[in-house]
Amino acid sequence: MLSVTVREDKAICAFCKNWYDPLNQYIQPRFPQNNIWYYDSSAKCKCLVNGMMRMGNNGSCCRHFECKVPIK
């Protein structure tokens, strides 16, 4: 698992509401008070917007990105 600081302007699919991971099994908090989370970069889930399987670490600029974890 990789550690990352989650931000609204950094689109990582594993933290998007549109990345179909209903149990959030591929993410877990590390230091959520500082917006630092772990995620499985090799996980694949379906994007609910375009219907394609996407990697959790896809950092491409997606205009549909909506962060599903609380950012402080």
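Shown above is the structure to which this text applies.
Residues numbered from 1 in each chain as written. Predicted model: local features only at pLDDT ≥ 70, side-chain atom pairs only at ≥ 80, totals over all residues. Heavy atoms only, no water.

Asks: Whenever I open this one, the overall build of the protein chain confuses me. Can you help?
Replies: On a plain count of helices and strands, the protein chain comes out with 0 helices and 5 strands. The helix and strand sequence of the protein chain, counted from the amino end, reads β-β-β-β-β. Computed over the C-alpha atoms, the radius of gyration of the protein chain is 11 Å, within 12% of the 11 Å expected from 2.2 N^0.38 for a compact globule of 72 residues. If one aligns the C-alpha atoms of the protein chain with their principal axes, the spans along those axes are about 30 × 20 × 20 Å. Residues classed as buried in the protein chain amount to 33% of the 72 residues present. Put simply, 66% of the contacts in the protein chain that link residues at least 6 apart link residues at least 24 apart. (Helix = DSSP H or I, 4+ residues; strand = E, 2+ residues; numbered from the N terminus. Rg over C-alpha atoms; globule rule 2.2 N^0.38 Å. Buried < 20%, exposed > 50% of the residue type's maximum accessible area, 1.4 Å probe, protein only. Contact = heavy atoms within 4.5 Å.)

Asks: Would you take a moment to explain empty space enclosed by the protein for this structure?
Replies: One simple way to see leftover space: roll a probe sized like a water molecule over the atoms. Tallying each qualifying case throughout the model produces 1 cavity of 30 Å³ or more. Considering only enclosed or pocket space, the largest cavity measures out at about 90 Å³ in volume. What lines the largest cavity is simply A11, I12, C13, C16, N18, W19, C47, R54, C62, H64 and F65. (1 Å grid on protein atoms, 1.4 Å probe; cavity = no way out; pocket = protein on both sides within 12 Å on 5 of 7 lines; lining within 4 Å. Points joined across faces, edges and corners; volume = space filled by probe spheres on them.)

Asks: Please explain the side chain of D21 as it appears in this structure.
Replies: Mapped onto the fold, D21 is located in the loop between strand 1 (2–5) and strand 2 (27–31). Among buried charged residues, D21 stands out as having no salt bridge; its nearest opposite-charge side chain is K68, 4.2 Å away. A distance of 3.2 Å separates a polar atom in the side chain of D21 from the backbone nitrogen of Q25. (Lys, Arg positive; Asp, Glu negative; His and termini not counted. Salt bridge = Lys/Arg side-chain N within 4 Å of Asp/Glu carboxyl O. Polar contact = N/O pair within 3.5 Å; in protein donor to acceptor, adjacent residues only side chain to side chain.)

Asks: Just checking my understanding: could you explain the pattern of salt bridges for this structure?
Replies: Close approach of charged atoms allows side chains with opposite charge to pair. Within the structure shown, the criterion is met by 1 salt bridge. R7 is paired through a salt bridge with D9; the nearest N and O atoms lie 3.0 Å apart. The class of R7 is partly exposed, set by a relative accessible area of 42%. By relative accessible area, which is 61% here, D9 ends up exposed.

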